[in-house]
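Structural features, examined
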Amino acid sequence: MGGRAESKEYERSAVGQSWGPVQVNEEGFLIGGKKGVWINGDGIHFGDRENGGFQPETIEGEEIRESGVLTGITCVDVDVDWGDVWVRTGENFSVVLSWNVFGYAMDYRVENGVIKVESEETKDYFRDNFEFTSRVVITIPAETEIQKLEISTDFGDISVDAEEFTAWEAVFDTNLGDVSSFGLTARTLEAESSLGDITIHFPEQNGVGYHLSSSLGKIKVNELSFQGECETLLTDAEQTYFIEAQTDLGDVTLMF
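Calculation rules
Residues numbered from 1 in each chain as written. Predicted model: local features only at pLDDT ≥ 70, side-chain atom pairs only at ≥ 80, totals over all residues. Heavy atoms only, no water. Helix = DSSP H or I, 4+ residues; strand = E, 2+ residues; numbered from the N terminus. Buried < 20%, exposed > 50% of the residue type's maximum accessible area, 1.4 Å probe, protein only. Contact = heavy atoms within 4.5 Å. Areas by Shrake-Rupley, 256 points an atom, 1.4 Å probe, with all protein chains shown as cover. Core = buried A, V, L, I, M, F, W, Y, C linked by side-chain atoms within 4.5 Å. pLDDT = per-residue confidence, 0-100.

Looking only at helices and strands, the protein features one helix and 22 strands. For the protein, buried positions account for 45% of its 256 residues. Pairs at least 24 residues apart make up 56% of the contacts formed inside the protein by residues separated by at least 6 positions. Roughly 13,200 Å² of accessible area belongs to the protein as shown, and the carbon and sulfur atoms make up 43% of that amount.

Here it is in structure tokens:
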């Protein structure tokens, strides 16, 4: 996202500014309000800033949940507090969850054809160790059309590698992390990050409308660069696909 000169310019322009849920001052970043994520010289903290916040403690080894083969799936719904989420192509539907964060757990269930992945905090933790990992891996068979693919993580990256399956609707949302979608064809695709880059490689070139925006960052559509926002709006008759991508602090790249 730029070199040293850009960083110096950012330091001068960013202090005292606010972009939606992201606030920046001399002490660091605040994301998601009073009880959100805040970053300063001491590290990354979570929770009520006035009461000191917390950093996660790791556990020995790693907790793992594996679903095995799942059938009859029409939708995927992931909503977790911590963790990177990777959606990939494979032979069968499956879920793999792994983490080593003390006082945190993830689990999945299948309801009416919907894979649901959720997390919960099982204990309070006030420690100084930040060497944690947390990951969700969703595998979707090739030549499958998902009705809805919805991924949300408060803290983590979202990566979708989907050259061989499609979705009617796709929604990707993270507060702190990057979003990347490679090869996914979706009738509507929404991607949002409060602090992170968004990269979309869309297989179709015709009939694609889009609206891209970045409060502080660059926008790139193929080889063209923009600042602020960029959009191409088509008539209902012309438009088959629509892409909405927005980040408060980061770059947005759309490639066909």
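Back to the text.
Before going further, it helps to spend a moment on the nonpolar core. Core analysis: the largest hydrophobic core is formed by 55 residues, its most contacted members being Phe172, Leu184 and Leu189. The greatest single-element share of this core, amounting to five residues, is contributed by strand S19 (residues 208-221). Setting aside its immediate chain neighbours within four residues, Leu184 contacts Leu149, Val160, Ala162, Phe165, Thr166, Ala167, Ala170, Phe172, Leu189, His201, Phe202 and Pro203.

Right, let's talk about unusual backbone geometry for a bit. Unusually for a residue other than glycine, Glu143 sits at a positive phi of about 60°. Checked against the element boundaries, Glu143 lands in the loop between strand S12 (134-141) and strand S13 (145-155). According to the relative accessible area criterion, Glu143 is exposed, its value standing at 78%. The phi torsion at Asn222 lies on the positive side, around 50°, for a residue other than glycine.

For the protein, per-residue confidence averages 82 on the pLDDT scale, and residues scoring 70 or more make up 73% of the total. Low confidence marks residues 1-20, where pLDDT is under 50. Its contacts with residues over four positions away, or in another chain, come to 23 contacts. Throughout residues 125-129 the model reports pLDDT below 50, and contacts reaching past four residues in sequence, or to other chains, amount to 17 contacts.

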